Amino acid sequence: MALKDDVEEHLRLNDLTPEEASTGSVAGSLGAHPAEVADVLDDLAADAPLTPDDIREHYRSVGEIYADIAALDEDPKARTGGVIDNSRWYDSRHRIDLPESGYDRVGSPKLLPDAAAEIASRDGSGRVLYALTTYSPVMDREEQFQWVEKSDGTPTREWRSGQSPLPNYDEIVGQALFADVDVADEYKERPLSAEVRDVVEAALEVYVDRFADLAGSRDHVLLLDSVGGAYPMIPPSATAPLAEQFTASEDRQLVYEHLCSRMDEWLADVWDEVQDSVPGAVEYLDPDHINNKNRQYKTALSVHKSIDGVVTPIDVDDVRYEHVPVREVGDEEISAAREWGESLTADRHREAIAPIIETLWPDYYADTDTWVQALQEWLLDRESERIRKEQRRKERMEALQDGEVVELKTADVTLTTDQSDVEAALDALDPERVIEDTILGAGWTDRLSDTTDRSGDGRRAFVPTWAATYKSGNATYAGVSGPKAGVWYDSSDGYKGGLVEAALIAHAGRSPGAGFASGEDWREGVAILRRLGYDIPVWIPDASSLDEDKMPLWALRKFALKLGIVEQHELVERTGDDGSSYLGFRPSDYRRVVRRAEAAGLDTGRTDHLDDAPTSGYYDADLQAYTATEQSPYADPDVMLAACLRARDDGAVPEGADPPTLALIPIVRDAGMRNNPGDMSPGTRAMAVDVFREDLDASDVQDDDTVSIYD
């Protein structure tokens, strides 16, 4: 140790790096043996921080392997993307020939070999090379964009089409299935201690075994040491048959999207098994089980973002978690990485598709002869469910329109769970009436004596509010029928817009030359049209319309504010699991909003407001004191209802407190729900709460602790 300190001091005094120092000179200066000095210099060189030149030289030496990973063997057009440092996704260039004002640039996803070459170039920058798990023939397509500022002032791309050029689920032709078995941050160092390494290797053995079960064989399982963890993976060609069998865009979208979500659910079960069978896994590991169309992973021989180490293959038949620093990468590591890359894109993994579908769609696979039939049956059921949901949506809307739902009868708003209903309502507006209510100035030119009308077929000329008069009579005109109905154009100044923009110009101070509105401006324009009396529904998606388990909190909040159930100032700031802040409800308001949403016909998918034991104010009262018999209100629904009504009339519970679910059972039972009345839906519970609050009081309670409900 003393020799190492002496060598470091010698290097510091002489401003030398370990690579620059002469072994003989240092040994002579220190009076040490040259062999010992050489070992120390080698150790110091290995410990020296990586420089940008080190990174560039590394990618130059290994760059050939990325051609093996870049495309599927049997479909060379199906390529994957490369991402530099988890942030540089796109290649961009300026286009002076683009006619659309503002969107004067085009961007395309970086292809993997190009991203590697960019880091390795003479002026290149970056450290970590990611690849996507997705392979697609449109990986290199271009989209127009312009640079805009985010709320924090940083620049971001705004795509003209509204979405990035990265492939969508319906454009995938191969999707690798993988897990990111991360080492917990506090233990993320290399080399690992023996204790942590043993846990990592034992956990990876479980993952490999389960992945082999999923794919039908270990031959279809690959494993990478990601430096900060590991990636067990099933190659993308295993799922390529899905794209060949399901060519319809909507079908392929559903299949690949649900393949990812079902894989995530399956991985949660694998993690449960790891926790049960590997002591220490909970402490030392922090896995990330997320698969999606844009999922990225540090690819083979990528450098880690903070640790001196490269991503290397692990033999699935001999799991050893060994560390390879950047400077130790040689022919052996490059050869192993090339072999891994060739296996990743090999066509032989296609045979894994049947066991994958059997595992992830077990109910459907068990009832059919082939994996294709299993997915066909699943798609048929999905379509049937979609039709049922659409029918339920129509029924809910009819109920709202007919005023059958009490909560919406006096509300000055119409709801829809289908966003296209908003567009349909806008398309159905009378353009002439809206123009008259907004930007009509001196009048329609066909009614003005001092102008010449040249309205033309399907359009009508007018003098707008921003012009005194038009002698020619046709400088501004609006489409009143046909495909351009609702679009107006000022040919004198080049202004154009639609009915939403007309509302913004007239009532929000928007400039006539501002063009078509988007985002918050567009929503404000629609809101103005509603205030002007136009019947445009408010889009509030629920769980069914979004095909999600729960109605999003933002949609529930929008519902509450639009109907005046709560006011903006009554929302409270809460902190999410990731530390971010959001506006939520107070507990009592939350339960009230969910009930109202369910009663309005919205599927919230939320049942946490039914778990009333810790929240119902009635449990804070001594309900036993409000019984006339010796029966316990906490065990008998009829007695609970009687006790709650007496306690409420006595002022023993907070005003507006939610009744316990147990007290509602007699109400739904007497309404006709004889079988399992305790298993009530949120909508049924909302009805029962209204009966409890509006129709019942202590005078309905009998001496035997029963309640006359519908008599």
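These numbers were taken from a predicted model, which means no experiment stands behind them.

Asks: Where do I start with the nonpolar core in this structure?
Replies: By size, the foremost hydrophobic cluster in this structure holds 98 residues, and its most contacted members are Y66 and Y297. Per-element tally for this core: the top contributor is helix α7 (residues 194-215), with 12 residues. In contact with Y66, other than residues within four places in its own chain, are Y59, L112, P113, A116, L129, T299, A300, L301 and S302.

Asks: Please clarify how the pairing of strand β2 (residues 75-79) should be interpreted in this entry.
Replies: A regular strand places its side chains so that they alternate between the two faces of the sheet. Pairing of strand β1 (residues 71-72) with β2, which is carried by two bridges, proceeds in the antiparallel orientation. Pairing of L72 across the sheet is with D75, part of β2. Linking β1 to β2, which pair antiparallel, is a turn of two residues.

Asks: What is the right way to read the pattern of salt bridges from this model?
Replies: Pairing is possible between side chains that carry opposite charge, provided their charged atoms lie close to one another. One pass over the structure, following the stated rule, counts 34 salt bridges. A salt bridge links R338 to D68; its shortest N-O distance comes to 2.9 Å. One end of the pair, R338, is in helix α11 (residues 331-344); the other, D68, is in helix α5 (residues 66-70), with 270 residues separating them in the sequence. For D68, a relative accessible area of 15% translates into the label buried. Its salt-bridge partner being K188, residue D185 comes within 3.5 Å of it at the nearest N-O pair. Exposure remark for D185: the relative accessible area of 62% places this residue in the exposed category. Members of the salt-bridge network, linked through shared partners, are R88, D91, K110 and E118.

Asks: Quick question: what am I supposed to make of the packing of α7 against helix α9 (residues 249-277) here?
Replies: Relative orientation and spacing of two packed helices are given, respectively, by the angle between their axes and the distance between those axes. Here α7 crosses α9 at 140 degrees, and the two axes come no closer than 10 Å. With respect to their mutual orientation, α7 and α9 come out oblique. As α7 runs across α9, the sense of the crossing is right-handed. In this structure, α7 uses A203, V206, Y207, R210, F211 and L214 to contact α9, whose residues at the interface are M263, W266, L267, D269, V270, W271, E273, V274 and S277. Taken together, the residues that form the contact of α7 with α9 break down as 11 nonpolar, one polar and three charged.

Asks: When you look at the sheet that holds strand β20 (residues 476-479) in this model, what are you seeing that I'm missing?
Replies: In sheet architecture, strand pairing relies on hydrogen bonds along the backbone and comes in two forms, parallel and antiparallel. The strand order across the open sheet built from five strands is β18-β19-β20-β21-β22, with neighbouring strands paired in antiparallel fashion. Here the strands that pair on one side only, and so sit at the sheet edges, are β18 (440-444) and β22 (495-497). Direction aside, neighbouring strands of the sheet carry axes that sit 25 degrees apart on average. Relative to β22, strand β21 (residues 488-490) is paired through three bridges, and the arrangement is antiparallel. Residue pairing across strands places D490 opposite Y495, the latter belonging to β22.

Asks: Even after reading the chapter, I still don't get the packing of aromatic side chains, so can you show me in this structure?
Replies: Applying the stated criterion across every chain, the model contains 16 aromatic pairs. Centre to centre, the rings of F178 and Y297 are 6.2 Å apart; their planes meet at 50 degrees, and the pair counts as tilted. Of this pair, F178 sits in strand β11 (residues 177-178) while Y297 sits in strand β15 (residues 296-298); the two residues are 119 residues apart in sequence, bridging distant segments of the chain. There is no split in this pair, since F178 and Y297 are both buried. For the pair F585 and Y590, a centre-to-centre distance of 6.5 Å together with 45 degrees between the ring planes defines the contact as tilted.

Asks: What am I meant to see in the side chain of H220 here?
Replies: Summarising the element assignment, H220 is placed in the loop between α7 and β13 (222-225). Residue H220 is classed as buried on the basis of its relative accessible area of 3%. In this structure the side chain of H220 is engaged in a polar contact, spanning 3.1 Å, whose partner is the side chain of H349. Aside from chain neighbours lying at most four places away, what touches H220 is A215, M233, I234, P235, R348, H349, E351 and A352.

Asks: Please clarify how the pairing of strand β14 (residues 229-234) should be interpreted in this entry.
Replies: Of all six residues making up β14, six are buried, and the element is well covered by its neighbours. What you see with β14 is no split at all: G229, Y231 and M233 on one side and A230, P232 and I234 on the other are buried throughout. Across two bridges, the pairing between strand β12 (residues 181-182) and β14 is antiparallel. For D182, the partnering residue across the bridge sits in β14 and is G229. In this structure, β13 lies alongside β14, joined through four bridges in antiparallel fashion. In the strand pairing of β14, D225 is matched with A230. Remark: three residues form the turn of the hairpin made by β13 and β14, two consecutive strands paired antiparallel; V227 in that turn has positive phi of roughly 80 degrees.

Asks: So what exactly am I meant to see when it comes to a negative patch on the surface here?
Replies: Taken together, E265, D269, D272, D276, E548 and D549 make up a surface patch of like negative charges. For D269, the location among the structural elements is in helix α9.

Asks: Please explain the confidence of the model for the protein as it appears in this structure.
Replies: Close inspection of predicted coordinates is inappropriate in any region flagged by low pLDDT. Per-residue pLDDT for the protein averages 86, and the proportion of residues at 70 or more is 89%. Segment residues 403-411: pLDDT under 50, and 15 contacts once partners within four positions in sequence are set aside and those in other chains are kept. Throughout residues 610-614 the model reports pLDDT below 50, and contacts reaching past four residues in sequence, or to other chains, amount to nine contacts.

Asks: Looking at this model, I keep getting lost on the sheet that holds strand β6 (residues 129-132). Mind explaining?
Replies: An order of β3-β6-β15 is seen for the three strands of this open sheet, with the pairing classed as antiparallel. Of all the strands in the sheet, the pair left with one neighbour each is β3 (82-84) and β15. Going from strand to strand, the sheet's axes swing by 35 degrees on average, the running direction of each strand aside. Taken together, the three bridges between β6 and β15 define a ladder with antiparallel strand orientation. Within β15, the position partnered with Y130 by the bridge is K298.

Asks: Would you take a moment to explain helix α16 (residues 420-427) for this structure?
Replies: Because the α-helix completes a turn every 3.6 residues, residues three or four places apart line up on one side. Buried within α16 are the following residues: V422, A425 and L426. The arc enclosing the buried residues of α16, seen along the axis, measures out at 100 degrees, which places them on a common side. In this fold, the buried residues of α16 make contact with β17 (415-416), α18 (499-507), α19 (519-531) and β23 (538-539).

Asks: Honestly, the packing of α7 against helix α12 (residues 353-360) in this entry has me stumped. Any pointers?
Replies: With their axes 6 Å apart at the nearest point, α7 and α12 run at an angle of 105 degrees to one another. Looking at the two axes, α7 sits roughly perpendicular to α12. Touching D213, L214 and A215 of α7 are P355, I356, T359 and L360, all from α12. Residues belonging to the contact of α7 with α12 are distributed by class as follows: five nonpolar, one polar and one charged.

Asks: Explain the side chain of Q144 to me, please; I cannot follow it from the model alone.
Replies: Of note, Q144 is situated in strand β8 (residues 143-149). Within polar-contact distance, the side chain of Q144 engages the backbone oxygen of Y103 at 3.1 Å.

Cut-offs and rules
Residues numbered from 1 in each chain as written. Predicted model: local features only at pLDDT ≥ 70, side-chain atom pairs only at ≥ 80, totals over all residues. Heavy atoms only, no water. Core = buried A, V, L, I, M, F, W, Y, C linked by side-chain atoms within 4.5 Å. Buried < 20%, exposed > 50% of the residue type's maximum accessible area, 1.4 Å probe, protein only. Helix = DSSP H or I, 4+ residues; strand = E, 2+ residues; numbered from the N terminus. Contact = heavy atoms within 4.5 Å. Pairing = 2+ DSSP bridges. Salt bridge = Lys/Arg side-chain N within 4 Å of Asp/Glu carboxyl O. Axes fitted to C-alpha atoms, helices over the stretch in contact; angles between N-to-C directions. Parallel < 35°, antiparallel > 145°, perpendicular 65-115°, else oblique. Left-handed = near helix turned anticlockwise from the far one by under 90°. Nonpolar A, V, L, I, M, F, W, Y, C, P; charged D, E, K, R; others polar. Phe/Tyr/Trp six-rings, centres within 6.5 Å; stacked < 30°, edge-to-face > 60°. Polar contact = N/O pair within 3.5 Å; in protein donor to acceptor, adjacent residues only side chain to side chain. Patch = residues over 30% accessible without salt bridge, like charges linked within 9 Å, V, L, I, M, F, W, Y side chains within 5 Å. Areas by Shrake-Rupley, 256 points an atom, 1.4 Å probe, with all protein chains shown as cover. Lys, Arg positive; Asp, Glu negative; His and termini not counted. Charge placed at Lys NZ, Arg CZ, Asp CG, Glu CD. pLDDT = per-residue confidence, 0-100. Arc of directions from axis to C-beta.

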